[in-house]
Amino acid sequence: MNLKDSPDNRHKRIFNLIAPVYGLLDRYVRRNFEAANRIACRMVDVKGKRVLDIGTGTGAWAALFLENGAGEVHGIDFAEKMIRVAKKHHGEFIRFNTGDAMNIENFEDQSFDIVTASFVLHGVKEEKRRMILSEMKRLSKDAVIIHDYHGPTAAFTRFLEYMEKSDYIHFKSNFYNELTEMFPNVKRKNLRNGAAVYVGYVS
Ligand SMILES: C[S@@+](CC[C@H](N)C(=O)[O-])C[C@H]1O[C@@H](n2cnc3c(N)ncnc32)[C@H](O)[C@@H]1O
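A brief report on the enclosed structure follows. As the structure is a computational prediction, the values presented were derived from the model and not from experiment.

About the cut-offs
- Counting restarts for each chain: residues are numbered from 1 in the order of the written sequence.
- With the structure being a predicted model, the display of local features is reserved for residues of pLDDT at least 70 and the display and counting of side-chain atom pairs for 80 or more, all residues being used for whole-chain, interface and lining totals.
- Numbering of helices and strands starts at the N terminus; helices are DSSP runs of H or I of at least 4 residues and strands are runs of E of at least 2.
- Three exposure classes are used, based on other C-beta atoms lying within 10 Å of a residue's own C-beta, which is placed from the backbone: buried for 20 or more, exposed for 12 or fewer, and partly exposed in between.
- In this description, a residue-residue contact is defined by the distance between C-beta atoms placed from the backbone, which must lie within 7 Å.
- For each residue, a C-beta atom is placed from the backbone, and the residue is labelled near a molecule or strand when this atom is within 6 Å of it.
- Think of it as three bins: nonpolar holds Ala, Val, Leu, Ile, Met, Phe, Trp, Tyr, Cys and Pro, charged holds Asp, Glu, Lys and Arg, and polar takes everything else, Gly as well.
- By definition, a nonpolar core groups buried Ala, Val, Leu, Ile, Met, Phe, Trp, Tyr and Cys residues that are joined through C-beta atoms within 7 Å.
- Lines fitted to C-alpha atoms define the axes here, with helix axes fitted over just the stretch in contact, and angles between the N-to-C directions of these axes take values from 0 to 180 degrees.
- Convention used here: angles under 35 degrees read as roughly parallel, angles over 145 as roughly antiparallel, angles from 65 to 115 as roughly perpendicular, and any remaining angle as oblique.
- For a crossing to be left-handed, the near helix must be turned anticlockwise from the far one by less than a right angle; the clockwise case is right-handed.
- What makes two strands pair is DSSP finding at least two bridges between them.

### Regarding the overall build of the protein
Alright, step 1. When helices and strands are counted, the protein shows six helices and seven strands.
Alright, step 2. Seen in sequence order, the protein has helices and strands lined up from the N terminus as α-β-α-β-α-β-β-α-β-α-α-β-β.
Alright, step 3. Once the C-alpha set of the protein is aligned to its principal axes, its extents read approximately 45 × 40 × 35 Å.
Alright, step 4. Expressed as a percentage of the 203 residues in the protein, the buried residues total 39%.
Alright, step 5. Put simply, of all contacts in the protein between residues at least 6 apart along the chain, 68% involve residues at least 24 apart.

As structure tokens, this is what we get:
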């Protein structure tokens, strides 16, 4: 790994590197993801709605929206190898593309009803997180749904986040406030596994 890499490039390299393993882990996270997605879909009506999942990885979170009644689901990720695995697993029903969440040029304002991100925003520093959140808000008509850390974090996860040089500690203490600064109405439902579903309602 090139030590002079920018944080973005290093991030992308790591996710490209782990994409095949990530795909294998989908079935282990499935039960937690299913529970979280059910809660998300109670907080926001997804029936028949158009959903965009940013930082979709291998598409496991995106696929659950379809299972819970969304009309059309898209996923984007800047790691090409993640998108390759996502297409293999869910490409029949979901449209996946490579793209940077900081600047999703190919979609106009309010192109989607709901824009979501699962375990993406804790990975970047606050300034960048605010840029991604504002891009998510720009694209959504109804709400943004964030599935990410909250509360105590297991030791192995802490190790992974340390290796990734993520912002998860600051994220856990600050993210709810960041959301309230950007959205008129915000809700959070805590999950049992050190995560939460956060919703910023646009309208
Ligand atoms: C921890 S993984 C989560 C994957 C998936 N959302 C899930 O919950 O299983 C974070 C994903 O976000 C992607 N990502 C991070 N920063 C991104 C950015 N600026 N634009 C697009 N994708 C990004 C990574 O490539 C990676 O696939």
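This is not the end of the story, as more comes after the structure.
### Examining the site of the ligand
Alright, step 1. Lining the immediate surroundings of the ligand are 18 residues, of which Phe15, Gly55, Gly57, Ala101 and Ser118 lie closest.
Alright, step 2. When grouped by side-chain class, the residues that make up the shell around the ligand number ten nonpolar, six polar and two charged.

### Thoughts on the nonpolar core
Alright, step 1. One finds Val51, Ile54, Val115, Met136 and Ile145 to be the most contacted residues of the largest nonpolar core, which totals 53 residues.
Alright, step 2. The element contributing the most residues to this core is helix α2 (residues 60–67), with six residues.
Alright, step 3. Isoleucine 54 has contacts with Ile76, Ala101, Val115, Ala117, Val120 and Met136, leaving out every residue within four places of it along the chain.

### Considering the packing of helix α1 (residues 7–43) against α2
Packed helices, taken two at a time, are described by their axes: the angle between them and the distance between them.
Alright, step 1. The interhelical angle for the contact between α1 and α2, taken along N-to-C directions, is 45°, at an axis separation of 10 Å. Classified by the angle their axes make, α1 and α2 are oblique. Handedness of the α1/α2 crossing: right-handed. On α2, the residues that touch Asp26, Val29, Arg30, Phe33, Glu34 and Asn37 of α1 are Ala60, Trp61, Leu64 and Phe65.
Alright, step 2. Of the residues contributing to the contact of α1 with α2, the split by class is six nonpolar, one polar and three charged.

### A word on the environment of glycine 71
Alright, step 1. You can see glycine 71 is positioned in the loop between α2 and β2 (72–77).
Alright, step 2. Other than its neighbours up to four places away in sequence, glycine 71 contacts Gly48, Lys49 and Arg50.

### Concerning the environment of glutamate 34
Alright, step 1. Within the secondary structure, glutamate 34 sits in helix α1.
Alright, step 2. Taking the C-alpha atoms as reference points, glutamate 34 and phenylalanine 65, 31 residues apart in sequence, are found 9.6 Å from one another.

### What about the sheet that holds strand β3 (residues 95–98)?
Alright, step 1. If you walk across this open sheet you meet the seven strands as β3-β2-β1-β4-β5-β7-β6, and the pairing is mixed. For this open sheet the edge positions go to β3 and β6 (185–190), each flanked by a neighbour on one side alone. Averaged over all pairs of adjacent strands, the angle between their axes in this sheet comes to 20°, without regard to strand direction.
Alright, step 2. Bridge count between strand β5 (residues 140–149) and strand β7 (residues 195–201): seven bridges; the pairing is antiparallel. Bridging across to β7, isoleucine 145 finds its partner in valine 199.
Alright, step 3. Across the sheet, α1 is in contact with β5, β6 and β7; its angle to β7 comes to roughly 20°.

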